[in-house]
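# A structural walkthrough
Below are the chains, spelled out letter by letter.
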Amino acid sequence: MSTATLTIDLDAIRANWRALDALMTGETAGVVKADAYGLGVGKVARALAREGARSFFVAMAEEGAALRAELGPGPAIHVFSGHMAGDADMIGDCDLIPMINSIDQMIRHVEALPGHAFGVQLDSGMNRLGMEPAEWAAMRDVALEQTPALLMSHLACADEPDHPMNAQQLDAFRAMTAETGVPLSFANTGGILLGPEYHFDLARPGIGLYGGLPFADASPVVTLDIPVIQCRDLAPGETVGYGNSFTAPRQMRVATISAGYADGILRAMGPKTNLWAEDVPCPIAGRISMDLIGVDVTDLGYDPKSLELLGRHNSIDTLADNADTIGYEILTSLGNRYSRRYLGG
Ligand SMILES: *Cc1c(COP(=O)(O)O)cnc(C)c1O
């Protein structure tokens, strides 16, 4: 079989949630948008629920409906995009909590589903989602009369502890939420690590659950093993792959492995990335193609059956650095051709 194997350690996800929850002074939710950062929302959310998570966040109502089907009644499911036109049935039937982003959404929500739970998303400076301070000031009394379940805002620079934006957003969030009596949510993974001032009542970690920075103490969650299809000898001066971008400087042995950029192995990571055979690094040779990658196994001394791209030696952040991106993009790019294997849970 030429399918690569993506192993997802649900016990590591549970351990990461527990570790963040131990740091968090209030309640800890789980962010499972985008299919739990590409790792499989059903299995991940059920594992988190078993570990004790009672609140979840998704990006859109469709994701919330799918999550409700996985979790059944009980856990709170919040939707970052709020209440969009056409969402009322899903929000009502699946008992979702839209995080209202504007006066228009507020009106839509109370007209379509009077009395149905909602939260409010406030913009403390990121200028992405949520009500601006002036909009909120105008709405605040009316909104509070409808007893929102949660007020939240999101940090733009939480992964940079020394960034002045953090304190600036904290002040803005405090000013907007003072004396509301409503539960508050501010911290993502990075926000939990900034310390108790940033915690409030409910934290929303995502990346830290899945083993990514800025949660440096996270347990690794994903392993990716890619089968070798064939190996060949190269004479000095022979080239490998598209564009002849790699020329053998010496007598070499090259393995062709069965995955490529169509599986989320970003082309940009090629020049800096090693695959691993146990503890031996094997550099990528030439360009990453759609379904195939050439790997230099000369120094290995034998032809491996498979090579590891993610695991003990390469974290999602190693690959992210190599491709000049972030661990979030490595995870959410992981392709759907992999054979997925779940551990624990
Ligand atoms: C994605 C997201 C989170 C989770 O952030 P991480 O950095 O992955 O912990 C929290 N809140 C909002 C609004 C988000 O969009």
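Residues numbered from 1 in each chain as written. Predicted model: local features only at pLDDT ≥ 70, side-chain atom pairs only at ≥ 80, totals over all residues. Heavy atoms only, no water.

With that settled, the discussion passes to helix H6 (residues 103-112). For H6, the full list of buried residues reads Gln105, Met106 and His109. For H6, the buried positions fall inside an angular range of 100 degrees around the axis, keeping them on one side. Away from the buried face of H6 by more than 90 degrees, exposed residues Asp104 and Glu111 are located. Looking at the buried side of H6, the elements it contacts are helix H5 (88-93), strand S6 (96-100) and helix H7 (133-145). (Buried < 20%, exposed > 50% of the residue type's maximum accessible area, 1.4 Å probe, protein only. Helix = DSSP H or I, 4+ residues; strand = E, 2+ residues; numbered from the N terminus. Arc of directions from axis to C-beta. Contact = heavy atoms within 4.5 Å.)

Moving on to the site of the ligand. Near the ligand you find 14 residues, and of these Lys33, Tyr37, Thr189, Ile207 and Tyr328 are the closest. Separating an oxygen atom of the ligand from a side-chain N or O atom of Tyr37 is a distance of 2.5 Å. Within the complex, the protein chains bury 95% of what would otherwise be the 390 Å² of accessible surface of the ligand. (Near = heavy atom within 4 Å. Polar contact = N/O pair within 3.5 Å; in protein donor to acceptor, adjacent residues only side chain to side chain. Areas by Shrake-Rupley, 256 points an atom, 1.4 Å probe, with all protein chains shown as cover.)

The subject of this paragraph is unusual backbone geometry. In this structure, the amide linkage connecting Leu213 to the following residue, Pro214, adopts the cis form with an omega of 15 degrees. Within the element layout of this structure, Pro214 appears in the loop between strand S10 (202-203) and strand S11 (222-234). Positive phi is not limited to glycine here, since Ala36 has a value of about 55 degrees. Tracing the backbone through its elements, the reader meets Ala36 in helix H2 (residues 33-38).

Here we take up the UniProt feature "modified residue: N6-(pyridoxal phosphate)lysine" (unreviewed entry) in the protein chain. In the numbering used here, UniProt assigns the "modified residue: N6-(pyridoxal phosphate)lysine" (unreviewed entry) feature to Lys33. Tracing the sequence through the fold places Lys33 in helix H2. By relative accessible area, which is 26% here, Lys33 ends up partly exposed. Excluding anything up to four places from it in sequence, Lys33 contacts Phe57, Val58, Ala59, Glu63 and Phe80. (UniProt positions renumbered as here; feature names shortened; annotations may be inferred.)

Before going further, it helps to examine the packing of aromatic side chains. A full pass over the atoms with the stated rule returns seven aromatic pairs. Judged by centre distance (4.7 Å) and plane angle (40 degrees), the rings of Tyr37 and Tyr210 are tilted. Of this pair, Tyr37 sits in helix H2 while Tyr210 sits in the loop between S10 and S11; the two residues are 173 residues apart in sequence, bridging distant segments of the chain. Here Tyr37 matches Tyr210 in class, with each residue buried. Here Phe186 and Tyr198 contribute two aromatic rings whose centre-to-centre distance is 6.2 Å and whose plane-to-plane angle is 5 degrees, an arrangement assigned as stacked. With Phe186 in the loop between strand S9 (184-185) and helix H9 (189-194) and Tyr198 in the loop between H9 and S10, the pair connects residues that are twelve residues apart, well separated along the chain. Each member of the pair Phe186 and Tyr198 is classed as buried. Connected via pairs of aromatic rings, a cluster forms that spans Phe173, Phe186, Tyr198 and Phe200. The positively charged end of Arg204 is found above the aromatic ring belonging to Phe57, 6.0 Å away from the centroid. (Phe/Tyr/Trp six-rings, centres within 6.5 Å; stacked < 30°, edge-to-face > 60°. Lys NZ or Arg CZ within 6 Å of the ring centre and 35° of its normal.)

What follows is about the UniProt feature "binding site: substrate" (unreviewed entry) in the protein chain. Taking the UniProt record as the reference, the feature "binding site: substrate" (unreviewed entry) is found at Arg128 and Met290. These annotated residues cover 163 residues of sequence, and their C-alpha atoms sit far apart, with the largest distance between any two at 33.7 Å. Residue placement: Arg128 occurs in the loop between strand S7 (119-121) and H7. Structurally, Met290 can be placed in the loop between strand S16 (280-283) and strand S17 (293-296). A relative accessible area of 43% means that Met290 is categorised as partly exposed. Setting aside residues up to four positions removed in sequence, Met290 forms contacts with Ala259, Gly260, Tyr261, Ala262, Asp263 and Arg337.

Below, the discussion takes up the packing of helix H3 (residues 41-51) against helix H4 (residues 61-71). Running from N to C, H3 and H4 cross one another at 55 degrees; their axes reach a closest spacing of 9 Å. When the axes of H3 and H4 are compared, the pair comes out oblique. Note on packing geometry: the crossing formed by H3 with H4 is right-handed. In contact with Val41, Gly42, Ala45, Arg46 and Ala49 of H3, H4 contributes Leu67, Glu70 and Leu71. Of the residues contributing to the contact of H3 with H4, the split by class is five nonpolar, one polar and two charged. (Axes fitted to C-alpha atoms, helices over the stretch in contact; angles between N-to-C directions. Parallel < 35°, antiparallel > 145°, perpendicular 65-115°, else oblique. Left-handed = near helix turned anticlockwise from the far one by under 90°. Nonpolar A, V, L, I, M, F, W, Y, C, P; charged D, E, K, R; others polar.)

Let us look at the nonpolar core. Core analysis: the biggest nonpolar cluster contains 79 residues, and Ile13, Val32, Leu39 and Tyr210 have the highest contact counts within it. Shared between two domains, this core takes at least three residues from each, and those domains are domain 1 (10-210) and domain 2 (222-343). Leave out the neighbours within four places in its chain, and Tyr210 touches Ile13, Val31, Val32, Ala36, Tyr37, Leu39, Val44, Val221, Ile316 and Leu331. Counting residues in each nonpolar core, the second largest holds 19 residues, with Met106, Val120, Leu170 and Leu184 among its members. (Core = buried A, V, L, I, M, F, W, Y, C linked by side-chain atoms within 4.5 Å. Domains from an automatic or database assignment.)

Residue position: Ala255 is located in strand S14 (residues 252-257). Setting aside anything within four residues of it in sequence, one finds Ala255 in contact with Val228, Gln230, Cys231, Ile293, Gly294, Val295 and Val297.

Domain annotation of the protein chain identifies domain 1 (10-210) and domain 2 (222-343). A straight line from the C-alpha centre of domain 1 to that of domain 2 covers 37 Å. When domain 1 packs against domain 2, close to 910 Å² is buried across both sides, 65% of that on carbon and sulfur atoms. On the surface where domain 1 and domain 2 come into contact, there are zero salt bridges. The residue inventory of the side of domain 1 that touches domain 2, partitioned by class, reads five nonpolar, two polar and two charged. (Buried area = accessible area lost by both parts, 1.4 Å probe. Salt bridge = Lys/Arg side-chain N within 4 Å of Asp/Glu carboxyl O.)

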